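Fold and contact review
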Amino acid sequence: MDGVNPLQLGGSMMKTYFARQLMQPEWMSDIPQDLGSSWLVMPRPEGKRCLVISTGNYTYARSRTGALLLRFPSKLPGGGPGTSGGESCYCVLDCILQEQEQRIQHQHHQQQQQRVGMDADMAPAGESTPSQPQQHSANGSSSSSSSGGCTFFIQDVLAWRGYSLVDCCAEFRLFWLASKLQEEDGVYLRHVEGHYSQGGGCTPLALLWKDAGCSRYLLDTDGDGVVPEFQQLVLAYQGPPTDGVATADEPPVVLGRLPQEFVQQMGPKLLRPGRLLRFSIRAGGLLFNADGSPAGADLAYEGPANQRRGRADVYTKGQKTSADYYFDSYSHFGIHEEMLKDQVRTRSYMRSILDNKFMFKDKIVLDIGCGTGILSLFAAKAGAAHVYGIECSSIAEQAREIVADNGYSSQVTIIQGKVEEVELPVQQVDIIISEWMGYFLLYESMLDTVIYARDKWLVPGGLVLPDQCTLSLCAIEDGQYRMDKIDFWDNVYGFNMRCIKELAMAEPLVDSVEHNQVCSNSCVLKSFDITQMSKEDATFSAPFTLTAQRNDYVHALVGFFDTRFQGLHKPVSFSTGPEARTTHWKQTVFYLEDTLTVCEGETISGVLSCKPNASNPRDLDISLEYHFEGKHCEAHRTQEYRMR
């Protein structure tokens, strides 16, 4: 980094050095005001956070949930045969566990690392060398596996030889660790006065950015960690005569000019050249010239930025759209684990393919948003001549490995990129398969991408799977949850916080609804024929009428969808409704401002309108108009919601 060896810097200079590394806007948006004086800045190796405990002649590594990760002998006090101390001699260390696979991925770093931890010769697979007598990493093999070793990078010391250090300040605990750490995969910031609270389960006050499990691009947050409605940029004021505000690129990219009235109002003391100002990018987004170069942006002034960050954002930050964040969220394996374990979803796709093998035999298949490649593998297993899986996120790398590990490399090709930007090696495909559905069917869905691919590559009369979807609505009783999560804001320790209640009401809840909460029939709002529809059909207004099936109270309306693979010899379908088996899509709950007292046979009528959000088409703007005239009450209202 910058050609400087931070290990040769003094304590305060080292803090300043690492702090400057964080001024890169792609790393973070909000920087602590006291970063230069009250925070220790240290590397954060890639791996699992865990506690390492040595006691009773064994050493244990446990996850934050208490699950046992490893059990092995070590030379920590109390950690193995022959170590000093009795039952009262124990150590507790806050560590990052880097397993063998991760170490292999970073072999090119390891010649340069000076790692901090336990004794290097504490386990059979030690890595210490005569030239590194004080290397502080721990290498041990799992009791459940004899293949290879693991490395523990110590981040903090909670107890040593039975003496608790949890009440000591961070600098006392870490001074001998921090000087030996070097940048690798991320950064810890730990407050100087932060300490462990006994009995409270708290860790030191710490901030963590750029972990391997995090998104590569970080969304802006305010001081409370809440993501604002609009992406923000920090720009530098260029001064007169242009009064432009520009990025930190070379050369700077001017994205706007301050009005003369604003410049005069601020005055030269508050608005000198180089002053950093924070702007939000409004619905107009970034503006471009005919040659593709930036021409400006739809900016709104939010206030002065933290001047200690030293520089403005670069232009690439403004280019990161919500679609980038969407695709990047799918690079982490956790979301794919959730979808694969959704048996309703995955088995429905599997049955639609494997129960209709003759329809896939010798066909060219396109899998849109292939993720781990599971649908591509089903199609290959069914006898497809070739399957092309397109995946925008970096999980495509693992998908290629999965395909190779299962012996389908000659039959399945994984292409990384956006469907709208890639080119296939073939002119046409016979079948398109995709799991494109989102919450409320259309939220963050890939429906427009499937339609684009259908129009570009699908042969006349080809299959799109699934090919039919319906979006439906019903009414539920949900008084307890509404009281806990919505009405709570009416009186918070005697204070009126209804402004937050308005925010909670405007954001639909994605959750599982118990079937016994449903108190009306279901009404189909909209049917989608994926083989024929256009992307404009995802914008609609649909009337509905719901009939109460018992005397009850209606607190919310619930949206769900049904999916059908209809154009097959043996059709398959599944539902995400409250009466069906739970899926990862759950249901979408729209809480009503009115509590409706309904009697059996009474009806609630209205219109639900849905359209993609103007600034982020993967978000949804939903308007719900409802009317009710019953024996005990009546209500006529229109509510606006946004799924984001």
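So, on to the overall build of the protein. The helix and strand inventory of the protein stands at 16 helices and 30 strands. The burial tally for the protein puts 49% of its 644 residues in the buried class. Taking all contacts inside the protein whose residues are at least 6 apart in sequence as the whole, residues at least 24 apart take part in 67%. Roughly 30,800 Å² of accessible area belongs to the protein as shown, and the carbon and sulfur atoms make up 50% of that amount.

What follows covers the sheet that holds strand β29 (residues 620-629). An order of β24-β28-β29-β30 is seen for the four strands of this open sheet, with the pairing classed as antiparallel. Each edge of the open sheet is held by one strand with a lone partner, namely β24 (540-547) and β30 (634-643). When strand polarity is set aside, the average angle formed by the axes of neighbouring strands in this sheet is 15°. One ladder, built from ten bridges, connects β29 with β30; its direction is antiparallel. Residue pairing in the sheet places Ile-622 in a bridge with Tyr-641 of β30.

So, on to the sheet that holds strand β20 (residues 458-465). Pairing in this open sheet of five strands is parallel, and the strands run β18-β17-β16-β19-β20 from one edge to the other. Each of the sheet's edge strands pairs with one partner strand only, and the pair in question is β18 (412-416) and β20. Taken pair by pair, the neighbouring strands of this sheet meet at an average axis angle of 20°, ignoring direction. With five bridges connecting them, strand β17 (residues 386-391) and β18 associate as parallel partners. Counted as the bridge partner of Gly-389 is Ile-414 from β18.

Here we come to the packing of aromatic side chains. How two aromatic rings sit relative to each other is given by the distance of their centres and the angle of their planes. All told, the structure shown has twelve aromatic pairs when counted by the stated rule. Considering the side-chain rings of Tyr-58 and Tyr-60, the 6.5 Å spacing of their centres and the 50° angle between planes classify their relative orientation as tilted. For Tyr-58, a relative accessible area of 31% puts it in the partly exposed group. Relative to Tyr-641, the ring of Phe-590 has its centre 5.1 Å away and its plane inclined at 75°; by these criteria the two rings are edge-to-face. Note that Phe-590 is positioned in strand β27 (residues 587-598) and Tyr-641 in strand β30, a separation of 51 residues in sequence.

With that out of the way, let us pick up the environment of Ile-622. Its place among the elements puts Ile-622 in strand β29. In the structure, Ile-622 is positioned 20 residues away from Arg-642 in sequence and 5.9 Å away in space, judged by C-alpha atoms.

Once that is clear, we can look at the pattern of salt bridges. In total, this model carries 13 salt bridges according to the counting rule given. Arg-550 is paired through a salt bridge with Asp-552; the nearest N and O atoms lie 2.8 Å apart. Put simply, Asp-594 and Arg-637 hold a salt bridge, and the shortest N to O gap is 2.7 Å. With Asp-594 in strand β27 and Arg-637 in strand β30, this residue pair connects regions lying 43 residues apart in the sequence. What emerges from the salt-bridge pattern is a single network uniting Arg-482, Asp-487, Asp-490, Arg-498 and Lys-501.

Among the eleven residues in strand β7 (residues 150-160), ten count as buried, and that is most of the element. Note: strand β5 (residues 91-98) against β7, seven bridges, orientation antiparallel. Bridging from a neighbouring strand, Val-92 pairs with Ala-159 of β7. Here β7 runs beside strand β8 (residues 163-164); their pairing, made up of two bridges, is antiparallel. Among the inter-strand pairings, Ala-159 is bridged to a residue of β8, identified as Ser-164. Counted between consecutive antiparallel strands, the loop separating β7 from β8 contains two residues, among which Arg-161 sits at a positive phi close to 55°.

Those residues of helix α6 (residues 260-270) not exposed but buried are Phe-262, Val-263 and Gly-267. Elements that come into contact with the buried residues of α6 comprise β11 (232-237) and β15 (294-304).

Most of strand β19 (residues 429-434) sits out of view: five of its six residues are buried. Two strands pair when backbone bridges link them, and β19 and β20 are joined in this way by four bridges, in the parallel orientation. Each bridged residue has a counterpart across the sheet, and for Ile-431 the counterpart in β20 is Leu-463.

The next point concerns the environment of Asn-356. Considering the arrangement of structural elements, one finds Asn-356 in the loop between α10 (343-354) and α11 (357-360). With a relative accessible area of 0%, Asn-356 lands in the buried category. Between the C-alpha atom of Asn-356 and that of Pro-571, which follows or precedes it by 215 residues, the distance is 8.8 Å. Here Asn-356 is in contact with Arg-351, Leu-568, His-569 and Lys-570, once residues within four sequence places are set aside. A polar atom in the side chain of Asn-356 sits 3.3 Å from the backbone nitrogen of His-569.

To continue, consider empty space enclosed by the protein. This structure, assessed with the given rule, holds two cavities of 30 Å³ or more. The volume enclosed by the second largest cavity comes to roughly 40 Å³. In this structure, the second largest cavity is lined by Ala-475, Cys-519, Ser-520, Leu-546, Thr-547, Ala-548, Val-554, Val-598, Glu-602 and Ile-604. Taken together, the residues of the lining of the second largest cavity break down into seven nonpolar, two polar and one charged.

Residues Phe-360, Leu-366 and Phe-544 are the most contacted members of the largest nonpolar core, which totals 89 residues. Discounting chain neighbours no more than four positions away, the residues touching Phe-360 are Ser-352, Ile-353, Val-365, Ala-379, Ala-382, Gly-383, Ala-384, Ile-431, Ile-433 and Leu-465. Counting residues in each nonpolar core, the second largest holds 15 residues, with Leu-233, Val-263, Leu-271 and Phe-279 among its members.

As for its placement among the helices and strands, Ile-390 is situated in strand β17. Among residues more than four places away in sequence, those in contact with Ile-390 are Leu-366, Asp-367, Ile-368, Gly-369, Cys-370, Ile-415, Gly-417, Val-419, Val-422 and Leu-424.

Right, let's get into helix α13 (residues 395-405). Taken together, the buried positions of α13 are occupied by Ile-395, Ala-396, Ala-399 and Val-403. Angularly, the buried residues of α13 cover 100° about the axis, an arc narrow enough to put them on a single face. Phi turns positive one or two residues past the end of α13, at Gly-407, with a value near 80°.

Residue-level pLDDT values for the protein average 75, and 68% of them are 70 or greater. Below a pLDDT of 50 lies the segment residues 101-148, which in the model reaches 97 contacts outside its immediate sequence neighbourhood of four places, other chains included. Counting contacts from residues 317-332, a segment whose pLDDT is below 50, to residues more than four positions away or on other chains yields 42 contacts.

Now for the side chain of Asp-243. The residue Asp-243 is located in the loop between β11 and β12 (244-246) in this model. The side chain of Asp-243 is buried and forms no salt bridge, while Arg-257, the nearest opposite charge, is found at 8.2 Å. Separated by 2.5 Å, the side chains of Asp-243 and Tyr-237 make a polar contact. Beyond its immediate stretch of four places on either side in the chain, Asp-243 contacts Tyr-237, Gly-256, Arg-257, Leu-258, Gln-260 and Val-263.

What counts, and where the lines are drawn
- Residues numbered from 1 in each chain as written.
- Predicted model: local features only at pLDDT ≥ 70, side-chain atom pairs only at ≥ 80, totals over all residues.
- Heavy atoms only, no water.
- Helix = DSSP H or I, 4+ residues; strand = E, 2+ residues; numbered from the N terminus.
- Buried < 20%, exposed > 50% of the residue type's maximum accessible area, 1.4 Å probe, protein only.
- Contact = heavy atoms within 4.5 Å.
- Areas by Shrake-Rupley, 256 points an atom, 1.4 Å probe, with all protein chains shown as cover.
- Pairing = 2+ DSSP bridges.
- Axes fitted to C-alpha atoms, helices over the stretch in contact; angles between N-to-C directions.
- Phe/Tyr/Trp six-rings, centres within 6.5 Å; stacked < 30°, edge-to-face > 60°.
- Salt bridge = Lys/Arg side-chain N within 4 Å of Asp/Glu carboxyl O.
- Polar contact = N/O pair within 3.5 Å; in protein donor to acceptor, adjacent residues only side chain to side chain.
- 1 Å grid on protein atoms, 1.4 Å probe; cavity = no way out; pocket = protein on both sides within 12 Å on 5 of 7 lines; lining within 4 Å.
- Points joined across faces, edges and corners; volume = space filled by probe spheres on them.
- Nonpolar A, V, L, I, M, F, W, Y, C, P; charged D, E, K, R; others polar.
- Core = buried A, V, L, I, M, F, W, Y, C linked by side-chain atoms within 4.5 Å.
- Arc of directions from axis to C-beta.
- pLDDT = per-residue confidence, 0-100.
- Lys, Arg positive; Asp, Glu negative; His and termini not counted.

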